[in-house]
Amino acid sequence: MMDFTPDQIERYSRHILLQDVGVEGQEKIHNGKVLVIGAGGLGAPVLMYLAAAGVGSIGIIDGDVVDLSNLQRQIIHFTADVGKPKVLSAKEKIQAINPDVNVTTFHDLFTAANAFDLIRDYDFIVDGTDTFPVKFLINDACVLAGKPFSHGGILRFDGQTMTHLPGTACYRCAFHSPPPPNAVPTCSQAGVLGAIAGMLGTIQAAETLKFLTGAGEPMVNRLLSFNAKTMNFRTVKLHRDDNCPVCGKHPSVTELSESEQAACDLKKH
Amino acid sequence: MSRIKVNDELREVTLPITLTELIQQDNIVPDMVSVQINGTLLERAKYDDTAVSEGDEIDFLFFMGGGSL
Ligand SMILES: [Zn+2]
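Student: Looking at this structure, how should I read the overall build of chain A?
Tutor: What chain A contains, in helices and strands, is eleven helices and eight strands. Here the C-alpha atoms of chain A give a radius of gyration of 18 Å, agreeing with the 18 Å that 2.2 N^0.38 yields for 269 residues. Residues counted as buried form 55% of the 269 residues belonging to chain A. Within chain A, contacts between residues separated by at least 24 positions form 68% of all contacts whose residues are at least 6 apart in sequence. Side chains of chain A give 23 positive and 28 negative charges; the mean places of these two sets differ by 5 Å.

Below is the structure:
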């Protein structure tokens, strides 16, 4: 067992008090390696809670710079950060929250070319991206590499999330293939209530910490969605689909490709 | 009228009705949803040819892409 310093014992005391976490669980969090893809609306609360929780290694990949229109919901970025790479802005806040955390940044897009290299060193992956081609790419990369991940999506007043562990239903089991280009608007086209990002992102952070500590039951084979206008939460049971293009019996997706990305013009901004 | 369940809620529909028609009744564009009938995922290409039956439990799963920007 590692030795936490008295400061660390105090910092993490509310975790350590939890019967399902304790010193052992906190040690698992400390040894955890999590990759967060996208340092935007979802990535912001995910990163801040994982940093506060003391996740030992956090990777962040995002190719964007902070824009004024991000600040309504991307709470890890401040007004003075406008124009700064999001990965850098996020890293500064994480280090200010908790110097125990080792942060690795990739100021880049998550692509078929770098996907496997990026996820290889991490225990758990968090999808905080906003385009379908990348969401499907994250799913395919994680399924093919046997990595657990959390899917998250938000739009207007709605949010949706599921957790995938190897062997459980994947994102393609519920959504076989990306919707046709422009069939579904993005937040930059349709808007999103800022706090929705926090609601959904904190669920993803909780799933990550549950995975690292082994506490509770991961939200696998279930799709959770909520609407903040009614505050109704709904869980739909998912099954691993024999016809799933990536995890089914006769998969058509056996390697990663950019083809679906090129077919989609759901451009950022 | 026949009774079905859509997203856990009871609904009365007049049969015959295809899945595409059911989706359009809700002002939803069929491309925007993934559909499970009685727990089994249905391919989008089959919405037009799939007839809804009495007692079906249908789940609309919506594509939600936002998060980063
Ligand atoms: Zn699958």
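Anyway, onward from the coordinates.
Student: For this particular structure, what's the right way to read the pattern of salt bridges?
Tutor: Here the idea is simple: oppositely charged side chains can pair when their charged atoms come close. All names here are of chain A. Enumeration over the complete set of coordinates arrives at twelve salt bridges over all chains. Here lysine 84 ties to aspartate 81 by a salt bridge, and the two come within 3.1 Å at their closest N and O atoms. In this structure aspartate 81 comes out as buried when scored by relative accessible area, which is 4%. Aspartate 242 serves as the salt-bridge partner of lysine 249, at 3.4 Å between the closest nitrogen and oxygen. In this structure, a network of salt bridges that share partners links the residues Asp81, Lys84, Glu92 and Lys93.

Student: Could you clarify how one ought to interpret the confidence of the model for chain A in this entry?
Tutor: The predicted coordinates of low-pLDDT regions are not to be read in fine detail. Taken residue by residue, chain A gives an average pLDDT of 93. The fraction at 70 or more is 96%. Ignoring residues within four places in sequence, the model shows residues 260-269 of chain A, a span with pLDDT below 50, making 26 contacts including any to other chains.

Student: Mind showing me how you'd approach the interface of chain B and chain A here?
Tutor: By a widely used convention, the size of an interface equals the accessible area lost when the partners come together. Tallying the contact residues gives 21 residues for chain B and 47 residues for chain A. Here chain B packs against chain A, burying approximately 2,500 Å² in sum over the two surfaces, 58% of which is carbon and sulfur. Residue Asp8(B) pairs with Arg234(A) through a salt bridge whose shortest N-O separation is 3.1 Å. Here chain B and chain A share eight residue pairs in polar contact (both at pLDDT 80 or more) between them.

Student: What exactly am I supposed to notice about the environment of His30(A) here?
Tutor: Residue and element names in this part refer to chain A. Looking at the element boundaries, histidine 30 is found in helix α3 (residues 22-31). Note: C-alpha distance between histidine 30 and asparagine 102 (72 residues apart in sequence) is 10.0 Å. Every residue in contact with histidine 30, bar those within four places of it in the chain, is listed here: Met2, Phe4, Gln8, Gly54 and Gly56.

Student: Even after reading the chapter, I still don't get the packing of aromatic side chains, so can you show me in this structure?
Tutor: Aromatic ring pairs: the centre-centre distance and the angle between the two ring planes describe each pair. Per the stated rule, a full pass over the model turns up seven aromatic pairs over all chains. Consider the rings of Phe136(A) and Tyr171(A), whose centres lie 4.9 Å apart with planes at 55°: the pair is tilted. Note that Phe136(A) is positioned in helix α7 (residues 132-145) and Tyr171(A) in helix α8 (residues 171-174), a separation of 35 residues in sequence. The pair formed by Phe136(A) and Tyr171(A) is uniform in burial state, with each residue classed as buried. Taking the centre distance of 4.9 Å and the plane angle of 25° together, the rings of Phe226(A) and Phe233(A) count as stacked. For Phe226(A), a relative accessible area of 2% corresponds to the buried category. You can call Phe233(A) partly exposed: its relative accessible area is 46%. Through successive ring pairs, a cluster of aromatic residues spans Phe132(A), Phe136(A), Tyr171(A), Phe175(A) and Phe63(B). Positioned above the aromatic ring of Phe78(A) is the side chain of Lys93(A), whose terminal nitrogen or guanidinium carbon lies 4.5 Å from the ring centre.

Student: I keep staring at the sheet that holds strand β5 (residues 57-62) of chain B and nothing clicks. Help me out?
Tutor: Residue and element names in this part refer to chain B. Taken together, five strands build an open sheet; the order of strands is β2-β1-β5-β3-β4 and the sheet is mixed. Since the sheet does not close on itself, it has two edges, and those belong to β2 (9-13) and β4 (40-42), each with one partner. Sheet twist, expressed as the average angle between the axes of neighbouring strands with direction ignored, equals 35°. Pairing of strand β1 (residues 2-6) with β2, which is carried by five bridges, proceeds in the antiparallel orientation. Each bridged residue has a counterpart across the sheet, and for serine 2 the counterpart in β2 is valine 13.

Student: Would you mind going over the environment of Arg240(A) with me for this structure?
Tutor: Residues and elements named next belong to chain A. Considering the arrangement of structural elements, one finds arginine 240 in the loop between β8 (232-237) and α11 (259-262). Using a relative accessible area of 44% as the deciding quantity, one classes arginine 240 as partly exposed. Sequence spacing of arginine 240 and threonine 129 is 111 residues, and the spatial spacing of their C-alpha atoms is 23 Å. Among the polar contacts listed, one links the side chain of arginine 240 to the backbone oxygen of glycine 167, at a separation of 3.5 Å.

Student: I keep staring at the nonpolar core and nothing clicks. Help me out?
Tutor: It is characteristic of soluble globular proteins that their nonpolar side chains tend to be buried jointly. Counting 39 residues, the largest nonpolar core has Leu35(A), Phe110(A), Ile125(A), Tyr171(A) and Phe175(A) as its most contacted members. If you list the elements that add at least two residues to this core, you get β1 (33-37), α6 (115-120), α7 and α8 of chain A. With eight residues, α7(A) is the single largest residue contributor to this core. Those residues in contact with Tyr171(A), other than ones at most four positions away along the chain, are Phe132(A), Lys135(A), Phe136(A), Asn139(A), Phe149(A), His151(A), Gln160(A), Met162(A) and Phe63(B). Counting 25 residues, the second-largest nonpolar core is a separate cluster that includes Leu50(A), Ile60(A), Val87(A) and Leu212(A).

Rules used throughout
Residues numbered from 1 in each chain as written. Chains lettered and ligands numbered in written order. Predicted model: local features only at pLDDT ≥ 70, side-chain atom pairs only at ≥ 80, totals over all residues. Heavy atoms only, no water. Helix = DSSP H or I, 4+ residues; strand = E, 2+ residues; numbered from the N terminus. Rg over C-alpha atoms; globule rule 2.2 N^0.38 Å. Buried < 20%, exposed > 50% of the residue type's maximum accessible area, 1.4 Å probe, protein only. Contact = heavy atoms within 4.5 Å. Lys, Arg positive; Asp, Glu negative; His and termini not counted. Charge placed at Lys NZ, Arg CZ, Asp CG, Glu CD. Salt bridge = Lys/Arg side-chain N within 4 Å of Asp/Glu carboxyl O. pLDDT = per-residue confidence, 0-100. Buried area = accessible area lost by both parts, 1.4 Å probe. Polar contact = N/O pair within 3.5 Å; in protein donor to acceptor, adjacent residues only side chain to side chain. Phe/Tyr/Trp six-rings, centres within 6.5 Å; stacked < 30°, edge-to-face > 60°. Lys NZ or Arg CZ within 6 Å of the ring centre and 35° of its normal. Pairing = 2+ DSSP bridges. Axes fitted to C-alpha atoms, helices over the stretch in contact; angles between N-to-C directions. Core = buried A, V, L, I, M, F, W, Y, C linked by side-chain atoms within 4.5 Å.

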